[in-house]
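Single-letter residue listing:
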Amino acid sequence: MKTHVKQLNIRTHKKLQLVDITAEVEEIVRGSDIKNGICLVFAPHATAAIVANEHERGLMEDMLEKISMDYPHNGKWKHNLIDDNAAAHLASAFIGSGRVFPVLDGRLIRGTWQNIFLVELDGPRYSRRVIVEVLGE
Ligand code: ZN
């Protein structure tokens, strides 16, 4: 089995933000020389997440609104007593830090309306890392 690992470094500009990384991830899969396997997209951060869904402006705003509703910044979170970002940690924990995609015939498989996003939950940040690891043959 072969592995091919690359890291994306992404600057974010807002407290809550979706950053479309589909093109970058697909480029890494194409450059991996791996025909069949899986592609892990992982954000090694406690206050960011990875999701796959439609790149449509309204829906992107809806996703951020849903996160704000589910994890309100001003909730009575204990972590806010030491670090004012409990909502970001909770959203990251339950949305998830990574997603896995199939790789078939050298292509990353995703739905037509499944772009890949880094979810910034506690920005802006100078550099968010996303690890893209392709494993297979
Ligand atoms: Zn914290």
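Before going into details, it helps to say that this report is about the structure given with it. None of these values were measured; they are calculated from a predicted model.

### A word on the coordination of the zinc ion
Then, in step 1: Only His 79 (NE2), Asp 83 (OD), Asn 85 (OD1) and His 89 (NE2) from the protein coordinate the zinc ion, and they sit 2.1 to 2.2 Å from it.
Then, in step 2: For the zinc ion, the 4 donor atoms in the first shell make angles of 93 to 153 degrees at the metal, so the coordination geometry reads as irregular.
Then, in step 3: Here the donor residues for the zinc ion map to a single chain with the spacing H-x3-D-x1-N-x3-H.
Then, in step 4: Owing to a relative accessible area of 27%, His 79 belongs among the partly exposed residues under this scheme.

### Thoughts on the pairing of strand β7 (residues 115-120)
Then, in step 1: In terms of burial, β7 is largely enclosed, as 6 of its 6 residues are buried.
Then, in step 2: What you see with β7 is no split at all: Asn 115, Phe 117 and Val 119 on one side and Ile 116, Leu 118 and Glu 120 on the other are buried throughout.
Then, in step 3: Summarising the sheet, strand β4 (residues 48-53) and β7 pair through 6 bridges and their orientation is antiparallel. Across the sheet, the residue bridging to Asn 53 is Asn 115, located in β7.

### Thoughts on the pairing of strand β3 (residues 37-42)
Then, in step 1: Of the pairings in the sheet, the one linking β3 to strand β5 (residues 98-104) comprises 6 bridges and is antiparallel in character. For Val 41, the partnering residue across the bridge sits in β5 and is Arg 99.
Then, in step 2: Pairing of β3 with strand β8 (residues 128-136) involves 6 bridges; the strand directions are antiparallel. Among the inter-strand pairings, Gly 37 is bridged to a residue of β8, identified as Gly 136.

### Thoughts on unusual backbone geometry
Then, in step 1: Residue Pro 124 follows Gly 123 across a cis peptide bond; omega there is -5 degrees.
Then, in step 2: Even without being glycine, Asp 33 reaches a positive phi, approximately 65 degrees.
Then, in step 3: Along the polypeptide, Asp 33 turns up in the loop between α1 (22-30) and β3.
Then, in step 4: Look at Asp 33 and you get exposed, because its relative accessible area is 51%.
Then, in step 5: Here Asp 105, not a glycine, exhibits a phi torsion of approximately 50 degrees, which is positive.
Then, in step 6: Inspection of the secondary structure puts Asp 105 in the loop between β5 and β6 (107-108).

### Side note on the environment of Ile 109
Then, in step 1: Tracing the sequence through the fold places Ile 109 in the loop between β6 and β7.
Then, in step 2: Residues Ile 109 and Glu 26, spaced 83 residues apart in sequence, show a C-alpha to C-alpha distance of 9.5 Å.
Then, in step 3: When residues no more than four places from it in sequence are discounted, the contact partners of Ile 109 are Phe 101, Pro 102 and Leu 104.

### A short note on a negative patch on the surface
Then, in step 1: On the surface, Glu 56, Glu 61, Asp 62 and Glu 65 cluster together into a negatively charged patch.
Then, in step 2: Examined against the element boundaries, Glu 65 turns out to sit in helix α2 (residues 57-70).
Then, in step 3: Residue classification places Glu 65 among the partly exposed residues on the basis of a relative accessible area of 45%.

### Some remarks on the sheet that holds β7
Then, in step 1: If you walk across this open sheet you meet the 3 strands as β2-β7-β4, and the pairing is antiparallel. Whereas interior strands pair on both sides, the edge strands pair on one side only; in this sheet they are β2 (17-20) and β4. Sheet twist, expressed as the average angle between the axes of neighbouring strands with direction ignored, equals 30 degrees.

Rules of the game
Residues numbered from 1 in each chain as written. Predicted model: local features only at pLDDT ≥ 70, side-chain atom pairs only at ≥ 80, totals over all residues. Heavy atoms only, no water. Donors = N, O, S within 2.8 Å, 3.2 Å for Na, K, Ca; no water. Tetrahedral: all angles 85-135°; square planar, octahedral: opposite > 155°, others 65-115°. Buried < 20%, exposed > 50% of the residue type's maximum accessible area, 1.4 Å probe, protein only. Helix = DSSP H or I, 4+ residues; strand = E, 2+ residues; numbered from the N terminus. Pairing = 2+ DSSP bridges. Contact = heavy atoms within 4.5 Å. Patch = residues over 30% accessible without salt bridge, like charges linked within 9 Å, V, L, I, M, F, W, Y side chains within 5 Å. Areas by Shrake-Rupley, 256 points an atom, 1.4 Å probe, with all protein chains shown as cover. Salt bridge = Lys/Arg side-chain N within 4 Å of Asp/Glu carboxyl O. Lys, Arg positive; Asp, Glu negative; His and termini not counted. Charge placed at Lys NZ, Arg CZ, Asp CG, Glu CD. Axes fitted to C-alpha atoms, helices over the stretch in contact; angles between N-to-C directions.

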